[in-house]
Amino acid sequence: MAQKYKTYDIRCGKCSEYILTYHKYGAGKGILRLYLANIAAPKSFSELLKSSNSSIKSIPNLQCPKCEEVIGVPAKSKGQKWVFRMRQGLFHRKLKK
Ligand SMILES: [Zn+2]
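Enquirer: What is the right way to read the pairing of strand β1 (residues 5-12) from this model?
Expert: Taken residue by residue, a regular strand's side chains alternate between the two faces of the sheet. The pairing of β1 with strand β2 (residues 18-25) spans seven bridges and is antiparallel. Within β2, the residue paired with I10 across the bridge is L20. Counted between consecutive antiparallel strands, the loop separating β1 from β2 contains five residues, among which S16 sits at a positive phi close to 70 degrees. As paired strands, β1 and strand β8 (residues 91-95) are joined by five bridges and run antiparallel to one another. Residue pairing for β8: C12 is matched across the bridge by F91.

Okay, here's the thing in structure tokens:
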């Protein structure tokens, strides 16, 4: 059965620390925005989504847990969904097979 999404591991571009696992839908190759709802792991992100109301202040920057490099900042998509706007060049992504 064909999957509707691809699974990527996102790592810090600076220290290579694992940050999260993302399910990417759609055909585009780049990762410009991460939808919080599509972050598969760690689970703290889906908890974040549940606990956040509408305040942007309730969503922290997406940071490397090790070197604290900020690789994404929270924003709302046009469809009013929470996303991290990714800072290009500051992270690595790897397609999982
Ligand atoms: Zn790092």
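There is more to say after this.
Enquirer: What's the story with the sheet that holds strand β4 (residues 39-41) in this structure? I'm lost.
Expert: Backbone hydrogen bonds hold the strands of a sheet together, and the pairing may be parallel or antiparallel. One open sheet accounts for four strands, arranged β4-β2-β1-β8; its pairing is antiparallel. The sheet terminates laterally at β4 and β8, the two strands that pair on one side only. Strand-to-strand, the axes of this sheet are offset by a mean angle of 35 degrees, without reference to chain direction. In this structure, β2 lies alongside β4, joined through two bridges in antiparallel fashion. The residue of β4 that forms the bridge with T21 is A41.

Enquirer: Explain the environment of G13 here, please?
Expert: Assignment of secondary structure puts G13 in the loop between β1 and β2. Of the residues examined, G13 has 19 C-beta atoms within 10 Å and is grouped as partly exposed. Apart from the residues lying within four places of it in its own chain, the contact partners of G13 are G89, L90, F91 and H92.

Enquirer: How should the environment of W82 be read in this particular structure?
Expert: As for its placement among the helices and strands, W82 is situated in strand β7 (residues 82-86). What makes W82 buried here is the crowd of 21 C-beta atoms within 10 Å. When the C-alpha atoms of W82 and L49 are compared, they prove to be 7.9 Å apart, with 33 residues separating the residues in sequence.

Enquirer: Where do I start with the sheet that holds β7 in this structure?
Expert: Read from one edge of the open sheet, four strands run β3-β7-β6-β5, paired in antiparallel fashion. Strand pairing shows two members of the sheet lacking a second neighbour, β3 (33-35) and β5 (62-63), which therefore form its edges. Here two bridges tie β5 to strand β6 (residues 70-76), and the two strands are oriented antiparallel to one another. Its bridge partner lying in β6, L62 is registered against G72.

Enquirer: Even after reading the chapter, I still don't get unusual backbone geometry, so can you show me in this structure?
Expert: Phi is mostly negative for residues that are not glycine, and the peptide bonds are mostly trans. Backbone torsion omega between A41 and P42 reads -5 degrees, so that peptide bond is classified as cis. Looking at the element boundaries, P42 is found in the loop between β4 and α1 (44-51). The phi dihedral of S16 is positive, around 70 degrees, even though this residue is not glycine. With respect to the helices and strands, S16 occurs in the loop between β1 and β2.

How each quantity is defined
- In this numbering scheme, every chain counts its residues from 1 along its sequence in written order.
- Given that this is a predicted model, residues contribute local features only at a pLDDT of at least 70 and side-chain atom pairs are listed and counted only at 80 or more, while totals for whole chains, interfaces and linings are drawn from all residues.
- Following DSSP output, two strands are said to pair if at least two bridges run between them.
- Working definition: helices are DSSP H or I runs of at least four residues, strands are E runs of at least two. Numbering for both runs from the N terminus.
- All axes here are fitted lines through C-alpha atoms, helices being fitted over the stretch that makes contact, and every angle between N-to-C directions spans 0 to 180 degrees.
- Field definition: a residue is buried when 20 or more other C-beta atoms are found within 10 Å of its C-beta, exposed when 12 or fewer are, and partly exposed for counts in between, with C-beta atoms placed from the backbone.
- What counts as a contact here is a pair of residues whose C-beta atoms, placed from the backbone, lie within 7 Å.

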